[in-house]
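One letter stands for each residue in the lines below.
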Amino acid sequence: MAVIAPTRVAPNAGRRRALALVSTGALALAGLIFGAVGLRFGLPRVSWGPPSRVLAGREEAIGPGARVALGEASVALWRVEDRVAALGLVCTHLGCTVALSDDGFACPCHGSLFDGRGRVLDGPAPAGLPWLRVSRTPAGEWEVDTRAVVPEDTWLEVRS
Ligand code: FES
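Residues numbered from 1 in each chain as written. Predicted model: local features only at pLDDT ≥ 70, side-chain atom pairs only at ≥ 80, totals over all residues. Heavy atoms only, no water.

### Overview of a nonpolar patch on the surface
Rules: Residues qualify for a patch when their relative accessible area is over 30% and they have no salt bridge, like charges being joined within 9 Å and the nonpolar side chains of Val, Leu, Ile, Met, Phe, Trp and Tyr within 5 Å. Surface accessibility in these figures is a Shrake-Rupley result with a 1.4 Å probe; residues are shielded only by whichever protein chains are displayed. Salt-bridge detection follows one rule: a side-chain nitrogen of Lys or Arg within 4 Å of a carboxyl oxygen of Asp or Glu. Each helix is a run of H or I in the DSSP string that is no shorter than four residues. Each strand is a run of E no shorter than two, and both are numbered from the N terminus. Exposure classes here rest on a 1.4 Å probe applied to the protein chains alone. A residue is buried below 20% of its type maximum, exposed above 50%, and partly exposed in between.
Judged by side-chain polarity, Leu-29, Leu-32, Ile-33, Val-37 and Phe-41 come together as a nonpolar surface patch covering roughly 550 Å² of accessible area. Looking at the element boundaries, Leu-32 is found in helix α1 (residues 13-42). Using a relative accessible area of 62% as the deciding quantity, one classes Leu-32 as exposed.

Written out as structure tokens, the structure reads:
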């Protein structure tokens, strides 16, 4: 006949179990927090900036001979007969936005003057205004890519 000995229950078993639960929970919480912080700093913090393509109005809005400045986009559209070109309006001196003048462009910050083609007439600007790629969207609007500098005298033919 087998005799089963009575099991002894440790006097602090409940307390130990509770402490084990609390410490496991604390470790799990700390792991979650460190994981979240690691994920936050591990991911690249990239700012792509504003889009480089800006819509510059409908085709018919810029008639022959017109020069239109789009201040927020810092570009100007210029139409001569059946051709359109775009110039950047960021001054090559210190980056102010130049404004249209009677026969060209004028920088309000330090007085640089540019002719109608963006060439420097009077400094301190070290270089002329860039010519930018202009295209036509399928919806019939002009679109200027402010990051696509093209050679001077690059024109887009206007459909008739
Ligand atoms: S920023 Fe245009 S002249 Fe200085």
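### Overview of the state of the cysteines
Our working definition: Note on terminology: pairs of cysteine sulfur atoms within 2.5 Å are recorded as disulfides.
Counted by the stated rule, this structure contains 1 disulfide. With its sulfur 1.9 Å from that of its partner, Cys-96 forms a disulfide with Cys-109. Disulfide Cys-96-Cys-109: the torsion about the S-S bond is -100°, which places it as left-handed. Of this pair, Cys-96 sits in the loop between β4 (83-88) and β5 (99-100) while Cys-109 is found in the loop between β6 (104-106) and β7 (113-115), placing the two residues 13 residues apart along the sequence.

### Examining the nonpolar core
Rule in force here: For this analysis, a nonpolar core means a set of buried residues of the types Ala, Val, Leu, Ile, Met, Phe, Trp, Tyr and Cys, connected via side-chain atoms within 4.5 Å. Residue contacts follow a heavy-atom distance rule, with two residues in contact if any of their heavy atoms lie within 4.5 Å.
By size, the foremost hydrophobic cluster in this structure holds 16 residues, and its most contacted members are Val-98, Phe-105, Phe-114, Leu-129 and Trp-131. At the level of secondary structure, the elements contributing two or more residues to this core comprise β3 (75-80) and β4. Dropping the residues within four chain positions of it, Val-98 is found in contact with Leu-89, Cys-91, Phe-105, Ala-106, Cys-107, Pro-108, Phe-114 and Leu-129. Val-54, Ala-56, Ile-62 and Val-134 belong to the second largest nonpolar core, which has 12 residues in total.

### Section: the sheet that holds β5
Worth spelling out the cut-off: What makes two strands pair is DSSP finding at least two bridges between them.
Sheet architecture is open: 4 strands sit in the order β5-β6-β7-β8, paired in antiparallel fashion. The open sheet has two edge strands with one neighbour each: β5 and β8 (120-122). Taken together, the 2 bridges between β7 and β8 define a ladder with antiparallel strand orientation. Paired with Phe-114 across the two strands is Val-120, which belongs to β8.

### Focus: unusual backbone geometry
Here the phi dihedral of Glu-81 falls at roughly 50°; this positive angle occurs in a residue that is not glycine. With respect to the helices and strands, Glu-81 occurs in the loop between β3 and β4. For Glu-81, a relative accessible area of 60% corresponds to the exposed category. A positive phi angle, near 75°, is found at Asp-153, a position not held by glycine. The topology assignment puts Asp-153 in the loop between β10 (141-150) and β11 (156-157).

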